[in-house]
Amino acid sequence: MKLRLEEISKRFDDHLVLDAATLTLEKVHTLALIGPSGGGKSTLLRIIAGLEYLDTGAVEINDERVVYEENYLLKHRRTIGTVFQAFNLFPHLTALQNITLPLEKVHGCSPAEARETARQLLERFRLASHAHKRPAELSGGQRQRVAIARAISIKPRLLLFDEPTSALDPEMTAEVLDMIKELREEGRDFILVTHEMGFARQIADQVALLAEGRIVEAGPVAQVFDHPNFPQSRDFLAKVLKY
Ligand SMILES: Nc1ncnc2c1ncn2[C@@H]1O[C@H](COP(=O)(O)OP(=O)(O)OP(=O)(O)O)[C@@H](O)[C@H]1O
Ligand SMILES: [Mg+2]
């Protein structure tokens, strides 16, 4: 995908959360978005997903500019698969229904089509035996894998994941990261906010570091991790790569 973020600014009350964040990537499959807590990563991801309005600036995906008007955004959101840290699933629905409901209600699938898509995805990700469980009856890792299966069920052009493993213990984290890796190998386009630096290094082709609302540094993974150009990124990476 080609991605252009042009001077995106966003203010919540008197707090400038994004401050002319700018990034141009001519070609990227997996972008890891990293940076200190509170730097604006989730806000930026929500803006790209069309879940949040920007104040000024522009987002372009494959040369198409996202129009921040409700009618456009309704369509835009249907082309993007999102997974957040936690609380992704509808608690009162089973794993299967969590996938079929949006397919039927938002994407116009027939109940039979939706069921077949959900069944295949659950099968593929070794979740078939959990199809009729509600989220409370699933482990954290299983829950996130159902959320990821749902995100890809809509055949999105882009997947946006916001720290999908940060609420999980190490074993479940590995399950979810394996699934993301598998999807990446399929050639899907991703933007992934993550604190898992080792994982970012393995799967991302580009990294962008967002701090205090600005993209401080961006580039190929090896370059950003091994030879950061700016003091702010050197400090951040020294801290997170220490252990
Ligand atoms: N809806 C909102 N209303 C008011 N302030 C908000 C809102 N959403 C985010 N903020 C503020 O914007 C700043 C950036 O938040 P954001 O969640 O984007 O950071 P982040 O980089 O994702 O942090 P973390 O790594 O901790 O998830 C924070 O100071 C946060 O308090
Ligand atoms: Mg966040």
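Residues numbered from 1 in each chain as written. Chains lettered and ligands numbered in written order. Predicted model: local features only at pLDDT ≥ 70, side-chain atom pairs only at ≥ 80, totals over all residues.

Participant: What exactly am I supposed to notice about the overall build of the chain here?
Facilitator: Counting its regular elements, the chain contains nine helices and ten strands. Rg of the C-alpha trace for the chain: 18 Å, near the compact-globule value of 18 Å for 243 residues, within the 12% margin. Once the C-alpha set of the chain is aligned to its principal axes, its extents read approximately 55 × 45 × 35 Å. Buried residues in the chain amount to 40% of all 243 residues. For the chain, contacts bridging at least 24 residues in sequence account for 67% of all contacts bridging at least 6. (Helix = DSSP H or I, 4+ residues; strand = E, 2+ residues; numbered from the N terminus. Rg over C-alpha atoms; globule rule 2.2 N^0.38 Å. Buried ≥ 20, exposed ≤ 12 C-beta atoms within 10 Å, placed from the backbone. Contact = placed C-beta atoms within 7 Å.)

Participant: Is there a simple way to think about the packing of helix H5 (residues 140–153) against helix H6 (residues 170–185) in this case?
Facilitator: In a packed pair of helices, the relevant descriptors are the angle between the two axes and the axis-to-axis distance. Orientation of H5 relative to H6, taken along the N-to-C sense of each, is 20°, at an axis distance of 8 Å. Judged on the interaxial angle alone, H6 and H5 are roughly parallel. In this structure, H5 crosses over H6, and the sense of that crossing is right-handed. Here Gly140, Gly141, Gln144, Arg145, Ile148 and Ile152 of H5 come into contact with H6, specifically with Met172, Glu175, Val176, Met179 and Leu183. Partitioned by chemical class, the residues of the contact of H5 with H6 number six nonpolar, three polar and two charged. (Axes fitted to C-alpha atoms, helices over the stretch in contact; angles between N-to-C directions. Parallel < 35°, antiparallel > 145°, perpendicular 65-115°, else oblique. Left-handed = near helix turned anticlockwise from the far one by under 90°. Nonpolar A, V, L, I, M, F, W, Y, C, P; charged D, E, K, R; others polar.)

Participant: I keep staring at the domain arrangement of the chain and nothing clicks. Help me out?
Facilitator: Much of the literature gives interface size as the accessible area that the parts lose upon coming together. The domain boundaries assigned to the chain delineate domain 1 (1–79 + 157–243) and domain 2 (89–156). The C-alpha centroid of domain 2 is placed 25 Å from the C-alpha centroid of domain 1. Contact with domain 1, which involves 13 residues of that partner, is made by 13 residues of domain 2. Listed by contribution, the elements that provide at least two residues to the side of domain 1 that touches domain 2 are strand E7 (158–162) and H6. Ranked by the residues each element gives to the side of domain 1 that touches domain 2, the list is headed by H6, at five residues. Of the residues assigned to the side of domain 1 that touches domain 2, the class counts are nine nonpolar, one polar and three charged. (Domains from an automatic or database assignment.)

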